[in-house]
Amino acid sequence: PAFHPAKNPAKLNPNLPPWFASLLLRALSPDPERRYQNFSEMLFDLDHPEKVEPFHRADATLIDRNPLRFYKAGFLTLLALTIYLLLKIIAAGVRLP
């Protein structure tokens, strides 16, 4: 048996729908807790592809798991930093050109 995460099948076949790639990755997960526990779970996902959640490695970074959340967090951090710096400049009484 192989005890390493499977390669993403979408890289091997770009025509593969993302929900089916997630289904395959979950079925082949080396961690028994993350695999399908019953065939009925897999059958439900096959019958309802719109309900299949993306499957990522357990150690995947935030940008891999949820790119939108990553960029929103970065935007909000930079916005807060910009507002803070503007307030510091205004408090110091420095005139901007």
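Data block above holds the structure.
Residues numbered from 1 in each chain as written. Predicted model: local features only at pLDDT ≥ 70, side-chain atom pairs only at ≥ 80, totals over all residues. Heavy atoms only, no water.

Points about the packing of aromatic side chains
- Here the structure, examined in full by the defined rule, presents two aromatic pairs.
- Seen in terms of ring centroids, Trp19 and Phe20 are 5.6 Å apart; in terms of plane orientation they differ by 75 degrees. Their pairing is edge-to-face.
- Among the residues examined, Trp19 registers a relative accessible area of 26% and is labelled partly exposed.
- Between Phe70 and Tyr71 the ring centres are 5.2 Å apart and the planes differ by 80 degrees, which places this aromatic pair in the edge-to-face class.
- Exposure remark for Tyr71: the relative accessible area of 53% places this residue in the exposed category.
- Here the guanidinium or amino end of Arg26 rests over the ring plane of Tyr36, the centre of that ring lying 4.2 Å away. (Phe/Tyr/Trp six-rings, centres within 6.5 Å; stacked < 30°, edge-to-face > 60°. Buried < 20%, exposed > 50% of the residue type's maximum accessible area, 1.4 Å probe, protein only. Lys NZ or Arg CZ within 6 Å of the ring centre and 35° of its normal.)

Focus on the environment of Pro54
- Along the polypeptide, Pro54 turns up in the loop between α3 (39-47) and α4 (62-65).
- On a C-alpha basis, the gap between Pro54 and Leu78 in space is 28 Å, while along the polypeptide they are 24 residues apart. (Helix = DSSP H or I, 4+ residues; strand = E, 2+ residues; numbered from the N terminus.)

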